[in-house]
Amino acid sequence: MSDPVTPQRLTCHHCGVAYRRPALAPGEWATCFRCGSTLETFALFSAAAWLAVLIATVISFTLANAFPVATLYVQGAGQAASFIDAVVVTWNVGYPEVAVITFAAGFFLPACQLGLLIWIFGALAVGRLPLFFESAVELVDRLKPWCMVPVFLMGVLVAVVKLAGLASLTPGIGLFATATSAVLITALARLNSAKIRAMAHDLGLPAHPSPALKPPSPTIIMRTWALMLGAVILYIPANMLPIMKVSSMGSDSAHTILGGVIELWQMGSWDIALVVFIASVVVPLFKLVALGTLLFLTQQKNSARLRQRTHLYVIVEFIGQWSMLDVFVVILLSALGHFGSLLSIEPGGGAAAFGGVVILTMIAAMGFDPRLAWRLSGHRKHLTRADLESTH
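So, how was this worked out
- Residues numbered from 1 in each chain as written.
- Predicted model: local features only at pLDDT ≥ 70, side-chain atom pairs only at ≥ 80, totals over all residues.
- Heavy atoms only, no water.
- Buried < 20%, exposed > 50% of the residue type's maximum accessible area, 1.4 Å probe, protein only.
- Helix = DSSP H or I, 4+ residues; strand = E, 2+ residues; numbered from the N terminus.
- Contact = heavy atoms within 4.5 Å.
- Polar contact = N/O pair within 3.5 Å; in protein donor to acceptor, adjacent residues only side chain to side chain.
- pLDDT = per-residue confidence, 0-100.
- Core = buried A, V, L, I, M, F, W, Y, C linked by side-chain atoms within 4.5 Å.
- Axes fitted to C-alpha atoms, helices over the stretch in contact; angles between N-to-C directions.
- Parallel < 35°, antiparallel > 145°, perpendicular 65-115°, else oblique.
- Left-handed = near helix turned anticlockwise from the far one by under 90°.
- Nonpolar A, V, L, I, M, F, W, Y, C, P; charged D, E, K, R; others polar.
- Phe/Tyr/Trp six-rings, centres within 6.5 Å; stacked < 30°, edge-to-face > 60°.

1. Examining helix H7 (residues 193-202)
Burial within H7 is extensive, with seven of its ten residues counted as buried. Along H7, the residues that are buried comprise Ser193, Lys195, Ile196, Arg197, Ala198, Met199 and Ala200. Its buried side turned inward, H7 meets strand S4 (38-41), helix H1 (47-66), helix H3 (96-124) and helix H4 (133-143). The opening residue of H7, the one whose side-chain oxygen lies 3.2 Å from the backbone nitrogen of alanine 194, is asparagine 192.

2. Considerations on the confidence of the model for the chain
When the pLDDT values of the chain are averaged, the result is 84; 90% of them are 70 or greater. Helix H15 (residues 385-390) is the least confidently modelled element of the chain, averaging 56 in pLDDT, while H1 averages 94, the highest of any element. Low pLDDT, under 50, characterises residues 1-6; the predicted model gives this stretch eight contacts beyond four residues in sequence or across chains.

3. Let's talk about the environment of leucine 191
Of note, leucine 191 is situated in the loop between helix H6 (173-188) and H7. Residue leucine 191 is classed as buried on the basis of its relative accessible area, which comes to 1%. Expressed as a C-alpha distance, the spacing of leucine 191 and aspartate 141, which sit 50 residues apart in the sequence, is 8.5 Å.

4. Let's talk about the nonpolar core
Inside soluble globular proteins, nonpolar side chains tend to come together where they are buried. One finds Ile120, Phe121, Leu124, Met148, Ile196, Met324 and Phe328 to be the most contacted residues of the largest nonpolar core, which totals 85 residues. No other element matches the eleven residues that H3 contributes to this core. Ignoring sequence-local partners within four residues, the contact set of phenylalanine 328 consists of Phe83, Thr102, Ala105, Gly106, Met148, Val151 and Phe152. One finds Leu288, Leu295, Val316 and Phe368 within the second-largest nonpolar core, a separate group that totals 15 residues.

5. Thoughts on the environment of arginine 20
Mapping arginine 20 onto the fold places it in strand S2 (residues 18-20). Owing to a relative accessible area of 61%, arginine 20 belongs among the exposed residues under this scheme. Residue contacts for arginine 20: discarding those within four places in its chain leaves Gln8 and Arg9.

6. Points about the packing of helix H9 (residues 257-266) against helix H10 (residues 270-299)
Closest axis-to-axis distance for the H9/H10 pair is 7 Å, and the angle between their directions is 165°. Classified by the interaxial angle, the pair formed by H9 and H10 is roughly antiparallel. When the axes of H9 and H10 are compared, the crossing they make is left-handed. Here Ile257, Leu258, Val261, Leu264 and Trp265 of H9 lie close against H10, whose contacting residues are Trp270, Ile272, Ala273, Val276, Phe277, Ser280 and Val281. Split by residue class, the contact of H9 with H10 holds eleven nonpolar, one polar and no charged.

7. Things to note about the packing of aromatic side chains
Within this structure, the stated rule accounts for eight aromatic pairs. Plain terms: the ring middles of phenylalanine 103 and phenylalanine 108 are 6.4 Å apart, the flat faces sit at 20° to each other, and that makes the pair stacked. Judged by relative accessible area, which is 44%, phenylalanine 108 ranks as partly exposed. Seen in terms of ring centroids, phenylalanine 152 and phenylalanine 328 are 5.5 Å apart; in terms of plane orientation they differ by 75°. Their pairing is edge-to-face. Of this pair, phenylalanine 152 sits in helix H5 (residues 149-164) while phenylalanine 328 sits in helix H12 (residues 325-336), and the two are 176 residues apart along the sequence. Like phenylalanine 152, the residue phenylalanine 328 is buried in the burial classification.

Pasting the structure below:
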C-alpha cells in the first residue's frame, strides 16, 4: 500500500506566502492575498485531454520542421527553406553561435519539452505516475521559457514582408504547421510543475506536494547585476554592427536593427515595423531598465509599491523571449536568400551580439527572486496585519 497522498499546499513564487490548497469550482481561480499573483486556476482539461493536445502539437511540430516554411523565386529560380535549413545556412556562413541559439530555442528545447509532457501525461491519462515523475515536472518548468516557436512564427511573418518587395514568395506547408504549433504550444504554456502535481493529486495518485521553496539569498542581487552588465555591454555592438548583410546584383548593403525597422517603414509596412521595433528595441531596453529598477529598490530594502513591483517582474519575465524575433528573421532570410550573384543574404555580427543580449537578460530575469524584496522589507511566509490592511 502506498502512503496516503499529502494534502497539497500552494506557495506563491512571487512573495513566498504559503496557503492550504482550496477546492476550485469551474470559472474560479486562486490568487495570492498579499501580492495578487494567480496561484491556480480551475482545471478544465483532464489528463487525457491534455494528451490529445500534445499529440496534435507533436504532429504539427513535426510537419513544421519537415517542410519548407516558404519558397522564394528570383528570375525563375526557386529557393525553399525550412527552419532546419535556416540553422544549417547560418552555421555554414560562419555564425555557429547564432545557429546553436536558434536551433535550441526553435527546435531542440521545444522537442524536449513535448517529449517530457508526452511522457508525463501518457501515464496520467491511464491513472498512474510515470517513472522519474518529480524530475520530469521540474524540468518542464526549466524548459518552458526557452521554447520560442511562437516567436519564430512572428519572425516568419516579418521575413515574408521583407522579401515581398524583392521577389515572389510562396508560403509552404511548414508555415501553416508552424502557425498551428505556435497556437498549441501557447496553450501548453499553462502547464507547470505545480499544475501537473495538482492534477496527479486530484487523480488520487501518490504525487509529492511541491517542494518547499528555498529562502531567497541576497547573493542573487550581485549575480543579476553582473548578468545585466554583460547584456548592456553586448547591447552596444548589437545595435552598432550590422545584423544582416544583403548582396543583390553586385550591390552590397548592411542593415542594423534600427536600419531594418526604417526599411520596413519606408516599404509601407508600418505595422510590421512597429512590431520589430517593439520586440528588438523597446523590449530589451524595457527589460534592462525595469530589472535594474527592481534590483536597486530591493538592494535598498525599499518597501514601497511591492505589489506593483511584483507585477512588473511578471511582465519582464513574460516578454523576455520576444527579443529573439530579429534573430529568427535574419536566419530565415539567410536561408531563403541564396541565389549567388542575384541575391545573397547573410547574418552579421550584430545578430550574435543581440542573441547574447537576449540570453543574458532572460537568465538575469529568471535568476532574480521577487520574494527577496518582500523578505528584505520584513514580510515572511505568513500574512501579517500589515498585509491584510494594505489590501483594503
